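What follows is each chain in one-letter form.
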Amino acid sequence: MREINASIPFDKALWKQDIAASKAHVAMLGAQGIVSAEDAAAISAGLDTVAGEYEASGVPEDWSLEDIHMTTESRLAELIGPAAGRLHTARSRNDQVATDFRLWVRDALDEADAGLAALQAALVTRAGEHAGAIMPGFTHLQVAQPVTLGHHLMAYYEMLRRDRSRFSDARARLNECPLGSAALAGTGFAIDRAATAQALGFAKPTDNSLDSVSDRDFALDYLMAAAQCSLHLSRLAEELIVWASQPYGFVRMPDALSTGSSIMPQKKNPDAAELVRGHSGRIVGCLTALMVTMKGLPLAYSKDMQDDKPPVFEAAGLLTLSLAAMEGMIAQAAFNTARMRQAAEFGYATATDLADWLVRQAGIPFREAHHITGAAVKLAESKGLALEALSLEELRAIDPRIDEGVFPALSVEASVAARASHGGTAPSEVEKRVAEARAALGMDR
Ligand code: ARG
């Protein structure tokens, strides 16, 4: 029983939050006259001493004391005597752990936001450097149309912007204080819940004591946002891995974030990117674990809920590391823009530009233009030539409405420059988006 019951091996990570919530609680008990001013002061000073001990030598792990709450209270009793027993007036471990965990998750949300902002800044910086660098854009991982590297990197800026808004929504929902809900029904003591909520930086106290001690939505909100963020990171990681592969050669990953092989001396492996890709699986697993733990639990607190912490702690650690590793990779990646440009010329990436030219200059309906372009691509393919390397005679044999004005439209530069619709890949558009992003991130202040 001692072993299955103990949560101290993992919930000792909540010690700072536990001390802060206890100090807020006892200050309120003192102010309300529920505990004498003298006892309240002794408890508060004792809690500071315990905090100092934890800081200096870690939290002791005694399974018979079960969890961080009992561990701290028992040490407090050793330090200040029986007055320590007054701390637990008008509260229970149920509202205590709900409060501590909310405080911990609130910090984790802020940490995720900071990591995301740093990664966004790295993306925006590199996008600004490469706003005009042409690379193949892919659909189905087949060369589709030329795009710019800056445009591609800014796509991830947008994903991370949504991630930040999810974390920020989660923070707003989380920020109500359950302390004072007691075991499940509230308390008969004349407590001041608004005071403890305020002391701990919450917007207000929660409004239903049963919900307060049984709600773990805030942890699920965090994990859902973390899981979705990790999916984005895994997609970027995958692209870097593919781009770093020799047949692509689009990027050289920084040495500091790669490893060699123990047997093949020429190898340089993108391990950090692979681990970011892999960690997303574990983070999604953490979300799944807590969702299944919470499913079907009756009101109010059940001990199953003690299992809420390990998946959140694990996901937070993995997410922080993944964000930091990705920031380093993006900041230091050496993009081979010459190679990217060359790749954009293969694969008939400007075929759509030929079709668009036929529509614009010759008034041909798009479907017919698409058909004519298909024939031109087929001919170029059979001759092993690029589209613009076909002669005017060859093109006119396919459709006589084509004239020499078509050739400038077939370059990759013309292709990207033409796509200046809002959010398009034209360097001018990418530069605008980069400028907006720099302002939003406060990068030029
Ligand atoms: N260690 C417990 C947890 O993490 C604290 C709450 C215990 N409550 C109780 N009724 N046994 O959930």
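Residues numbered from 1 in each chain as written. Predicted model: local features only at pLDDT ≥ 70, side-chain atom pairs only at ≥ 80, totals over all residues. Heavy atoms only, no water.

A.B. asks: Looking at this model, I keep getting lost on the overall build of the protein chain. Mind explaining?
C.D. replies: Of the regular secondary structure elements, the protein chain holds 19 helices and six strands. The C-alpha atoms of the protein chain give 30 Å as radius of gyration, which overshoots the globular expectation for 445 residues (22 Å, by more than 25%). Dimensions of the protein chain along its principal axes, counting C-alpha atoms only, are 100 × 55 × 45 Å. Counting the 445 residues in the protein chain, one finds 47% classified as buried. As presented, the protein chain carries roughly 20300 Å² of accessible surface, and 54% of it is formed by carbon and sulfur atoms. (Helix = DSSP H or I, 4+ residues; strand = E, 2+ residues; numbered from the N terminus. Rg over C-alpha atoms; globule rule 2.2 N^0.38 Å. Buried < 20%, exposed > 50% of the residue type's maximum accessible area, 1.4 Å probe, protein only. Areas by Shrake-Rupley, 256 points an atom, 1.4 Å probe, with all protein chains shown as cover.)

A.B. asks: For this particular structure, what's the right way to read unusual backbone geometry?
C.D. replies: What is expected of a backbone is that most residues other than glycine have negative phi and most peptide bonds are trans. A cis amide bond, omega 0°, links Leu299 with the succeeding residue Ala300. Although it is not a glycine, Ala90 adopts a positive phi angle of roughly 65°. Positionally, Ala90 belongs in the loop between helix H5 (68–80) and helix H6 (93–129). Exposure remark for Ala90: the relative accessible area of 8% places this residue in the buried category. Phi at Ala182 takes a positive value of approximately 60°, unusual for a residue other than glycine.

A.B. asks: Quick question: what am I supposed to make of the site of the ligand here?
C.D. replies: Around the ligand, the neighbouring residues are Ser7, Asp11, Asp67, His69, Arg93, Asn94, Val97, Tyr301, Gln306 and Lys309. Asn94 has a polar side-chain atom sitting 2.8 Å from a nitrogen atom of the ligand. In this structure, Tyr301 approaches the ligand through a side-chain N or O atom, which is 2.4 Å from an oxygen atom. With the chains in place, 86% of the 340 Å² that the ligand exposes on its own is no longer accessible. No other element matches H6, which puts three residues into the shell around the ligand. (Near = heavy atom within 4 Å. Polar contact = N/O pair within 3.5 Å; in protein donor to acceptor, adjacent residues only side chain to side chain.)

A.B. asks: In this structure, what is going on with the layout of surface pockets? I would like to understand it.
C.D. replies: The gaps of empty space that remain are located by a probe, the size of a water molecule, rolled over the atoms. Size it by volume and the largest pocket reaches roughly 340 Å³. Around the largest pocket, the lining is made up of 17 residues, and of these Ala244, Ser245, Gln246, Val251 and Lys268 lie nearest the centre. Elements that contribute at least two residues to the lining of the largest pocket include exactly helix H10 (217–244) and strand S5 (251–252). Here the residues of the lining of the largest pocket are counted per class, giving six nonpolar, seven polar and four charged. Roughly 210 Å³ of volume is contained in the second largest pocket. The wall of the second largest pocket is formed by 14 residues, among which Pro136, Gly137, Phe138, Val147 and His152 lie closest to the centre. (1 Å grid on protein atoms, 1.4 Å probe; cavity = no way out; pocket = protein on both sides within 12 Å on 5 of 7 lines; lining within 4 Å. Points joined across faces, edges and corners; volume = space filled by probe spheres on them. Nonpolar A, V, L, I, M, F, W, Y, C, P; charged D, E, K, R; others polar.)

A.B. asks: Is there a simple way to think about empty space enclosed by the protein in this case?
C.D. replies: Overall, the coordinates contain one cavity of 30 Å³ or more when judged by the stated rule. Taken as a whole, the largest cavity holds about 60 Å³ of empty space. Lining of the largest cavity is provided by Ala344, Glu345, Tyr348, Ala349, Thr350, Ala386, Leu387, Glu388, Leu410 and Val412. Of the residues belonging to the lining of the largest cavity, the class tally is seven nonpolar, one polar and two charged.

A.B. asks: Where do I start with helix H4 (residues 37–57) in this structure?
C.D. replies: Because an α-helix packs 3.6 residues into every turn, residues spaced three or four apart end up facing the same way. Compared with the 30 Å implied by 1.5 Å per residue over 21 residues, the 30 Å span of H4 between its first and last C-alpha is a close match. Taken as a whole, H4 has its buried residues at Asp39, Ala40, Ile43, Ser44, Gly46, Leu47, Val50, Ala51 and Tyr54. Projection of H4 onto a plane perpendicular to its axis shows the buried side chains occupying an angular sector of 165°, all on one side. Away from its buried face, by an angle of more than 90 degrees, H4 presents the exposed residues Ala37, Glu38, Glu55, Ala56 and Ser57. Turning to H4, the residues buried within the fold contact helix H3 (15–31) and H5. (Expected span 1.5 Å × (residues − 1). Arc of directions from axis to C-beta. Contact = heavy atoms within 4.5 Å.)

A.B. asks: Just to check I follow, could you spell out a nonpolar patch on the surface for this structure?
C.D. replies: Among the surface-exposed residues, Leu184, Leu210 and Leu299 lie close enough to one another that they form a single nonpolar patch of about 270 Å² accessible area. Relative to the helices and strands, Leu184 is located in the loop between strand S3 (176–177) and helix H8 (193–199). (Patch = residues over 30% accessible without salt bridge, like charges linked within 9 Å, V, L, I, M, F, W, Y side chains within 5 Å. Salt bridge = Lys/Arg side-chain N within 4 Å of Asp/Glu carboxyl O.)

A.B. asks: Before we go on, may I ask you to explain the environment of Asp444 in this structure?
C.D. replies: Here Asp444 is to be found in the segment after helix H19 (427–440). Of the residues examined, Asp444 reaches a relative accessible area of 55% and is grouped as exposed. A polar contact is formed between the side chain of Asp444 and the side chain of Arg438, at a distance of 2.9 Å.

A.B. asks: Could you clarify how one ought to interpret the pattern of salt bridges in this entry?
C.D. replies: Should the charged atoms of two oppositely charged side chains come close, the side chains can pair. Taken as a whole, this structure holds 34 salt bridges when the rule is applied. Its salt-bridge partner being Glu53, residue Arg75 comes within 2.7 Å of it at the nearest N-O pair. With Arg75 in helix H5 and Glu53 in helix H4, this pair connects stretches of sequence that are 22 residues apart. In this structure Arg75 comes out as partly exposed when scored by relative accessible area, which is 27%. By relative accessible area, which is 26% here, Glu53 ends up partly exposed. A single network of salt bridges, built from pairs that share partners, joins Glu66, Asp67, Arg93 and Lys303.

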